[in-house]
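Given next are the chains, with one letter for each unit.
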Amino acid sequence: MDISLLLVVLVVVIAVVFDFTNGFHDAANAIATAISTRAWAPRTALAMAAVMNLVGSLLGTEVAKTIGSGIIDMSGYATAVSHAERAHGLLIILGGLIGAICWNIITWYFGLPSSSSHALIGGLAGAGLAAGVTVNWSTITSHVLIPMVVSPLIGFTFAYVLMSLVMMFMKNLAYRRTMRKFRVGQKFSSAALALGHGLQDAQKTMGVIFIALVASGHVDLDDPIPLWVKFAAAIAIAAGTFVGGFRIMKTLGSRVIHVNPANGFVSETVAAGVLYFTAFIWHAPISTTHTVTTAIMGVGATRRLSAVRWGTAGNIVVAWVLTLPAAAVVAAAVYSLLEFLLRI
């Protein structure tokens with residue numbers, strides 16, 4: 001067996017592992033507020049989120065195509081004839097994946113809801129820079145950096161406006177009865193959010209596996225994503241979601257603001273809408289974490305600005321800012337080490 005074939009198998013395995021870590025790292029996004037308000041019991045919520053992640057993973061491939069062909073230029077490896085050249089392309093992807101996984105584990109350990117998506121993109125870009133391949137900065141700017149800023153702002157603003165309208169409507173209603181209705185509504189809004197998470201995040205793993213298949217010469221850039229790749233990514237993220245991320249659930253469910261069922265319903269509905277828009281219309285691999293967290297902040301700010309725990313929010317923002325460069329540095333180091341050890 002040639003080394004390029006061994007490496008493509010390794011990349012597929014590690015990509016599936018990354019998808020699994022994405023699931024347990026980001027499981028909190030869809031269900032933290034629903035658990036905090038007791039709309040769902042924790043294990044039931046995790047099972048629901050796992051199923052909806054699985055379904056969402058199979059609903060589209062546009063985000064996967066952005067990751068698979070838009071971050072770094074691997075087209076030269078698709079036509080390579082030597083095993084060594086193909087193996088070199090696979091090392092780049094491998095370095096990017098390992099860099100992203102390392103950052104996911106670090107932020108998971110400290111309970112910070114950072115972006116697995118940006119970790120993956122930063123990892124690919126860092127390994128690509130270290131290897132001297134072309135990094136598509138225009139695509140990164142239009143489909144990563146701009147959405148990275150815009151989607152949280154939209155999440156915050158829409159959540160603030162919608163929550164303000166809900167509060168006006170609720171003014172003369174019986175509080176407890178109204179909260180019970182919102183608690184029921186949260187079952188649907190959290191499910192919609194879990195669907196959006198699968199739609200966005202599993203596709204990123206599909207894109208990585210696809211680009212590895214391109215680099216190894218198994219598919220062309222214009223080919224559709226193979227069905228087995230879709231199922232592998234979908235099952236992995238669903239399994240990771242079921243294992244769950246209770247550390248991060250605690251941060252999103254109570255440390256940013258104290259949520260009630262109305263807050264939870266509004267933040268989940270707004271965040272799900274942003275995820276659907278960016279996946280189906282913009283084809284941008286945005287951060288589910290960023291969108292959900294800022295939507296929670298938006299509903300909290302309708303009470304008063306001090307209702308948001310800005311110290312915790314500040315720590316989260318620091319993790320966001322660091323994710324792209326930190327994952328890029330780790331990925332570049334991993335790629336350089338692999339290239340040195342394997343002499344490719």
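Not measured: the values here are computed from a predicted model.

### Some points on the overall build of the protein chain
Helices and strands together make up the secondary structure of the protein chain, namely 13 helices and 0 strands. The helix and strand sequence of the protein chain, counted from the amino end, reads α-α-α-α-α-α-α-α-α-α-α-α-α. For the protein chain, the proportion of its 344 residues judged to be buried stands at 58%. If you take every contact in the protein chain between residues at least 6 apart in sequence, the share linking residues at least 24 apart comes to 87%. Counting every atom, the protein chain has about 13,600 Å² of accessible surface; 71% of that belongs to carbon and sulfur.

### A word on the pattern of salt bridges
Taken as a whole, this structure holds 1 salt bridge when the rule is applied. Residue Lys-204 pairs with Asp-201 through a salt bridge whose shortest N-O separation is 3.3 Å. With Lys-204 and Asp-201 both in helix α8 (residues 175-215), this residue pair falls 3 residues apart, about one helical turn.

### Describing the packing of aromatic side chains
Taken as a whole and judged by the stated rule, the model has 1 aromatic pair. Considering the side-chain rings of Phe-182 and Phe-265, the 5.6 Å spacing of their centres and the 55° angle between planes classify their relative orientation as tilted. Here the residue Phe-182 occupies a position in helix α8, and Phe-265 occupies one in helix α11 (residues 261-282), the gap between them amounting to 83 residues. The positively charged end of Lys-187 is found above the aromatic ring belonging to Trp-40, 4.3 Å away from the centroid.

### Some points on the UniProt feature "transmembrane region" (unreviewed entry) in the protein chain
The positions that UniProt labels "transmembrane region" (unreviewed entry) are, in the present scheme, residues 90-112, 119-138, 144-170, 227-249, 261-282 and 317-338. Annotated as 100% helix and 0% strand, the span residues 144-170 places its first and last C-alpha atoms 38 Å apart.

### Comments concerning the packing of helix α7 (residues 137-170) against α11
The contact between α7 and α11 brings their axes to 9 Å, and the two run at 145°. Handedness of the α7/α11 crossing: right-handed.

### Things to note about unusual backbone geometry
The backbone of Arg-38 shows a phi angle near 65°, a positive value even though the residue is not glycine. In this structure, Arg-38 sits in the loop between α1 (3-36) and α2 (42-57). Exposure remark for Arg-38: the relative accessible area of 70% places this residue in the exposed category.

### Some thoughts on a nonpolar patch on the surface
Together, Val-51, Val-55, Leu-59, Phe-277, Phe-280 and Ile-281 line one region of the surface with nonpolar side chains, adding up to about 570 Å² of accessible area. For the nonpolar patch, the secondary-structure elements that each account for two or more residues are α2 and α11. Sort the elements by how many residues they give to the nonpolar patch and α11 lands first, with 3 residues. Mapped onto the elements, Val-55 comes out in helix α2.

### Details of α7
Relative to the 50 Å expected for 34 residues at 1.5 Å per residue, α7 spans 47 Å between its end C-alpha atoms, a close match to the ideal helical length. At Pro-147, α7 shows its maximal kink, close to 45°. Packing partners of the buried residues in α7 comprise α3 (62-70), α6 (116-131), α8, α11 and α12 (288-301).

### Quick word on a positive patch on the surface
On the surface, a cluster of positive charge is made up of Arg-176, Arg-177, Arg-180 and Lys-181. Secondary-structure assignment places Arg-180 in helix α8.

### Digging into the nonpolar core
Within the largest apolar cluster, 56 residues are counted, with the highest numbers of intra-cluster contacts made by Ile-71, Ile-72, Ile-92, Ile-93, Leu-97 and Val-208. Mapped by element, the contributors of at least two residues to this core are α1, α3, α5 (83-109), α6, α7, α8, α9 (227-243) and α13 (310-342). Apart from residues lying up to four places away in sequence, Ile-71 is in contact with Thr-66, Ile-121, Leu-124, Ala-125, Thr-134, Val-135, Asn-136, Ile-140 and Val-144. Of all hydrophobic cores here, the second largest spans 33 residues; its members include Ile-35, Trp-40, Ala-45 and Ile-296.

### What about the packing of α3 against α8?
A packed helix pair is summarised by two numbers, namely the angle formed by the two axes and the spacing between the axes. Between α3 and α8, whose axes approach to 7 Å, the crossing angle comes to 40°. Judged by the inter-axis angle, α3 sits oblique to α8. Seen along the crossing, α3 lies across α8 with a hand that is right-handed. Of α8, the residues touching α3 (which contributes Glu-62, Val-63, Ala-64, Lys-65, Ile-67 and Gly-68) are Gln-200, Gln-203, Lys-204, Met-206, Gly-207, Val-208, Phe-210 and Ile-211. A per-class count over the contact of α3 with α8 returns 7 nonpolar, 4 polar and 3 charged.

### Let's talk about the environment of Ser-116
Within the secondary structure layout, Ser-116 lies in helix α6. The exposure class assigned to Ser-116 is buried, which follows from its relative accessible area of 1%. Measuring from C-alpha to C-alpha, the distance between Ser-116 and Ser-287 comes to 7.4 Å, with 171 residues separating the pair along the chain.

### Side note on the confidence of the model for the protein chain
When pLDDT is averaged along the protein chain, the result is 83; 87% of the residues meet or exceed 70. For the protein chain, the element scoring lowest by mean pLDDT is helix α10 (residues 246-255), at 51; α11 scores highest, at 92. Per-residue pLDDT stays below 50 along residues 252-256; that stretch engages in 23 contacts with residues further than four places along the chain or on separate chains.

### As for the environment of Ser-142
Residue position: Ser-142 is located in helix α7. In this structure, the C-alpha to C-alpha distance between Ser-142 and Ala-284, residues 142 residues apart in sequence, is 8.3 Å. Those residues in contact with Ser-142, other than ones at most four positions away along the chain, are Pro-147 and Trp-282. A distance of 2.8 Å separates polar atoms of two side chains, one belonging to Ser-142 and the other to His-143.

Reading guide: rules and limits
Here the residue index of a chain counts from 1 through its sequence in written order. Note on the predicted model: pLDDT of at least 70 is required for a residue's local features to be given, and 80 or more for side-chain atom pairs to be given and counted; whole-chain, interface and lining totals, by contrast, use all residues. Each side-chain value is derived from all of the structure's non-hydrogen atoms; neither hydrogens nor water enter the calculation. Helix and strand assignments follow DSSP, with helices taken as H or I runs no shorter than four residues and strands as E runs no shorter than two, numbered in order from the N terminus. Think of it in three bands: with a 1.4 Å probe and only protein chains considered, a residue is buried below 20% of the maximum accessible area for its type, exposed above 50%, and partly exposed in between. Residue contacts are counted whenever heavy atoms from the two residues lie within 4.5 Å of one another. Surface accessibility follows the Shrake-Rupley procedure with a 1.4 Å probe radius. Residue values consider only the protein chains on display as shielding. Note on definitions: salt bridges are taken to be side-chain nitrogens of Lys or Arg within 4 Å of carboxyl oxygens of Asp or Glu. Aromatic pairing here means that ring centres of Phe, Tyr or Trp (its six-membered ring) are within 6.5 Å. Orientation follows from the plane angle: under 30 degrees is stacked, over 60 is edge-to-face, and everything else is tilted. Two conditions define a charge sitting above a ring: the NZ of Lys or the CZ of Arg must be within 6 Å of the ring centre, and it must be within 35 degrees of the ring normal. UniProt positions are given in the numbering used here, feature names are shortened, and annotations may be inferred rather than shown by experiment. All axes here are fitted lines through C-alpha atoms, helices being fitted over the stretch that makes contact, and every angle between N-to-C directions spans 0 to 180 degrees. A clockwise turn of the near helix away from the far one marks a right-handed crossing, whereas an anticlockwise turn of less than a right angle marks a left-handed crossing. Patch members must show over 30% relative accessible area and no salt bridge, and they are joined within 9 Å when carrying like charges or within 5 Å when they are nonpolar side chains of Val, Leu, Ile, Met, Phe, Trp or Tyr. By this rule, a helix spans an expected 1.5 Å times one less than how many residues it contains. Throughout, the bend at a residue refers to the angle made by two axes, fitted to the seven residues ending there and to the seven starting there. Residues counted as positive are Lys and Arg, residues counted as negative are Asp and Glu, and His and the chain ends are not counted. Where a charge sits is defined by one atom per residue type, namely NZ (Lys), CZ (Arg), CG (Asp) or CD (Glu). By nonpolar core we mean a set of buried residues, namely Ala, Val, Leu, Ile, Met, Phe, Trp, Tyr and Cys, connected to one another through side-chain atoms within 4.5 Å. Angles below 35 degrees are treated as roughly parallel, those above 145 as roughly antiparallel, those between 65 and 115 as roughly perpendicular, and all remaining angles as oblique. For this classification, the nonpolar set comprises Ala, Val, Leu, Ile, Met, Phe, Trp, Tyr, Cys and Pro, the charged set comprises Asp, Glu, Lys and Arg, and every other residue, Gly included, is treated as polar. You can read pLDDT as the predictor saying how much it trusts each residue, on a scale of 0 to 100. Definition of a polar contact: a pair of N or O atoms within 3.5 Å, with one able to donate and the other able to accept a hydrogen when the atoms are protein atoms, and with sequence-neighbouring residues admitted only if both atoms are side-chain atoms.

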